[in-house]
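Read off the chains here:
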Amino acid sequence: MSKIKHMIGKSIEKPDARDKVTGQALYPGDINLPGQAYMKVLFAERPHAIIQDIDISKAVKLPGVIAVLTAKDVPVNEYGLIMNDQPVLCGPGSKKPFAERVRFIGDQVALIIAESESLTEQAKKMINVEYQDLPVISDAREAKNDHGKLVHPDRESNVFCHYQIRKGDLEKGLHEADVIIEGEYITPVQEHAFLQPEAGIAYIDEEDRVTIMVAGQWTHEDQEQIAHSLDLPPDKIRVIYPAIGGAFGGREDMSVQIDLALAAWHLMKMGIHKPVKTIWSREESIIGHHKRHPYFVKTRWGATHEGKITAAEVELVTDGGAYAYTSTKVMGNATLMCTGPYEIPNVKVDSYAVYTNNIPNGAFRGFGGPQGAFVAECQVNKLAEAINMDPVEIRMRNLLREGSLLSVDTPMPKGVTIDKVVHKCAEKAGWKNTDKGWQAPAISKKNTDIIKHGIGFACSYKNVGFSFGAPESCTAKVELHGKDTIEHAILYHSGADVGQGAHTIFIQFMAELLNLPLEKIHLIASDTARTGQSGSASASRITFMAGNSIVGAVNNALKKWINNERPAIAEYEFRPPKTTPFDPQTGKCQPNFSYGYVAQVVDLEVDTQTGKIKLDKVICVDDVGKAVNPLLVRGQIEGATVQAQGYALMENFIQKEGRTYTPTLSTYLIPTILDIPEQINSIILEEADPIGPLGARGMGEMPFLPFTPAVVAAVHAATGIWFDEFPLTPERVISKLHEKG
């Protein structure tokens, strides 16, 4: 076989690109099956109440209505990714304690199954629910300390998770500091706003499996939670992912999966074999799935005049909303990253995840990292100003390096390159490394009476893979077909492609390792009946974990090929180095097995008459280990930057007393093509990760983390004002400018 051109490091076209842009690709909402029924959810639409009675008698008598399901129809009425604290359907009649309570506006009360969508809507209006309203708990800080008002009455407190880190001697470190900066920060809720709302179709397949075609991020986890709720063996549940229209963490937790499975299973028990389809509206999507966690932070950091950070104390309170979702894991990341990529000898951190009657909060790109980075980078920039030191210089004096001890008192995994990305980013932005240290460039644009210019710097790091002892593995299966030479290969892999191009990467690994052209690789993906456990398409892990599993499976298959097995079929389960949980007293642990590193510079202008911020240029430097597909990497950098722009400047999700006042994309504004930065300079470093597949690191979340603090630093440079809360909407900016006078 002649040597083909290397496929790793090449910007090949995504195999599904043409189908997606021409409309040929089928997303869950596009799939229709003969004789299908339709399903609608009755949401509680109230933040806290006891359901005393549900009267479905009128709805079920409506011609064309097949069934109306309530809590009593759910075999095991509970689910949850981390803990089973949420009812599938709220109301009386199930065995789960306190399942008759609704705890947020998106709690689900009933499922209506009918012959048409219009009938489901009509029947939904005929259901009468008798509620007894309860006091609403909407402020996480109050909920943390108020044990009289409980969101979950079977718990003693609204605090459902507490972590602490104790490294060194905080008071000694503060005493050694020449400058101490205290801060209070608030980070906002953010809506995922993926293009494809929650949708799917369920049916009973030819092997009597309850089969759900839906968009998600982890087929086997969906399968486990559905099986638990229906009290069925997992192998009686089949989950298939068609094309997925974005996720960003928003599809890690359940939305329509259990509902669809319950509906198809219930109809089968009634002797009715009909597929069941549902599509949520945008408003239903916004109230029905989780958001990015808001954080309330108090902190103080100390540093010497020489720029050495001596101590950091941080208290974080996060609003988990009505149910836990992934709050404990998100908070783990925030707890680690709130002291930044810096070696600080004396650290004290306390973090608390708290139940409220707000929409639950969970996974979102960065997974606690953006909140932690905002605190850490703002504090470092303020320290730099206080000691009259350049913000890059103070970073270079404190950055983690090989062998450095994290706040949890264990060394970084090998392959630390935060100093290299900071150096490259500063250099590209015009900083000079002089004999007096790093010096920032002069602002190239002239200020006017109205328009003020500023430049800001921030950096961060992001874990690759599951953290803090969570089980971590990924399986691939490979088939090699041919006679004397390998003529084609099949890869079976569950890893989800949520639009980021994961399946393209899988095929590139196969082509590279087998020396085959792309058209000779066939991928069977994301089907629990045909593919093994892969773990989630989250935590910047899918390239790293899937790549390693594919490398292992190909190597095993090639050994069989050499031994004349035809076809040569092999599996491989990749398991990375183990991580460990926080020690309850000290926080000491080995939190992660790999990291990616990022630095950003934001150049912007502030209109002091309107408060509007215009982004002129963003420089983003990411060490990705090895860019398997450079174009996809640049796409991730640009996409993350624009999504972070929305978080920093525009996306103002409003909840009051548990109710949402921004339930549409006309009231909750996200960036459009007219809002994005004039220029995004994506710079890719390739310092191989020691245990990454062909050196690759995960990178999809990294560019998000330092963006907001870089913006805040640039706005401060332009106006002299520090913003400790965002988004920096024109209203917020102009208000602060007026305060300053």
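These notes cover the structure that comes with them. Remember, predicted model here, so these are calculated numbers, not experimental data. (Residues numbered from 1 in each chain as written. Predicted model: local features only at pLDDT ≥ 70, side-chain atom pairs only at ≥ 80, totals over all residues. Heavy atoms only, no water.)

1. A few points about the overall build of the protein
- When you go through the protein residue by residue, the secondary structure sums to 17 helices and 29 strands.
- Here the C-alpha radius of gyration of the protein, 26 Å, is about what a compact globule of 741 residues would show, namely 27 Å.
- Here the C-alpha coordinates of the protein stretch approximately 80 × 75 × 50 Å along the principal axes.
- For the protein, long-range pairs separated by at least 24 residues make up 79% of all intrachain contacts whose partners lie at least 6 apart in sequence.
- Of the roughly 27,300 Å² of accessible surface on the protein, 50% is carried by carbon and sulfur atoms. (Helix = DSSP H or I, 4+ residues; strand = E, 2+ residues; numbered from the N terminus. Rg over C-alpha atoms; globule rule 2.2 N^0.38 Å. Contact = heavy atoms within 4.5 Å. Areas by Shrake-Rupley, 256 points an atom, 1.4 Å probe, with all protein chains shown as cover.)

2. Comments concerning the environment of K61
- Relative to the elements of secondary structure, K61 occurs in helix α2 (residues 57-61).
- C-alpha separation for the pair K61 and A123, spaced 62 residues apart in sequence, amounts to 9.0 Å.

3. Structural notes on the packing of helix α15 (residues 630-650) against helix α16 (residues 707-719)
- In contact at an axis separation of 9 Å, α15 and α16 are set at 55° when each is read in the N-to-C sense. In terms of orientation, α15 and α16 fall into the oblique class. Crossing geometry of α15 relative to α16 is assigned as right-handed. Of the residues in α16, those touching α15 at T641, A644, Q645, Y647, A648 and L649 are F707, T708 and V711.
- Residues belonging to the contact of α15 with α16 are distributed by class as follows: 6 nonpolar, 3 polar and no charged. (Axes fitted to C-alpha atoms, helices over the stretch in contact; angles between N-to-C directions. Parallel < 35°, antiparallel > 145°, perpendicular 65-115°, else oblique. Left-handed = near helix turned anticlockwise from the far one by under 90°. Nonpolar A, V, L, I, M, F, W, Y, C, P; charged D, E, K, R; others polar.)

4. Considerations on the packing of aromatic side chains
- This model, assessed by the stated rule, comprises 15 aromatic pairs.
- Residues F104 and Y323 carry aromatic rings whose centres are separated by 6.1 Å and whose planes lie at 75° to one another, so their mutual orientation is edge-to-face. Here the residue F104 occupies a position in the loop between β4 (101-102) and β5 (108-114), and Y323 occupies one in the loop between β15 (309-321) and α9 (327-337), the gap between them amounting to 219 residues.
- Ring geometry for F468 versus F582: centroids 4.4 Å apart, planes at 25°, classification stacked. Residue F468 is found in the loop between β20 (451-463) and β21 (474-482), and its partner F582 is found in the loop between β24 (568-574) and β25 (595-607); the two are separated by 114 residues along the sequence. Like F582, F468 is buried.
- Taken together, the ring pairs in this structure connect Y185, F374, Y647, F704 and F726 into an aromatic cluster. (Phe/Tyr/Trp six-rings, centres within 6.5 Å; stacked < 30°, edge-to-face > 60°. Buried < 20%, exposed > 50% of the residue type's maximum accessible area, 1.4 Å probe, protein only.)

5. Things to note about the sheet that holds β24
- If you walk across this open sheet you meet the 4 strands as β23-β22-β21-β24, and the pairing is mixed. In the strand order of this sheet, the two ends are held by β23 (521-525) and β24, each with one partner. Neighbour-to-neighbour, the strand axes of the sheet open up by a mean angle of 20°, direction not taken into account.
- Here β21 runs beside strand β22 (residues 486-493); their pairing, made up of 6 bridges, is antiparallel. The residue of β22 that forms the bridge with V478 is L491.
- In the packing of helix α14 (residues 542-562) onto the sheet, the strands contacted are β21, β22 and β24, and the crossing angle to β24 comes to about 145°. (Pairing = 2+ DSSP bridges.)

6. Observations concerning helix α10 (residues 369-386)
- Taking 1.5 Å of rise per residue, 18 residues should cover 26 Å, and α10 covers 25 Å from first to last C-alpha, within 8% of that figure.
- Summarising burial for α10: 16 of the 18 residues are buried, a large majority.
- Following α10 by one or two positions, N388 adopts a phi angle in the positive range, close to 60°. (Expected span 1.5 Å × (residues − 1).)

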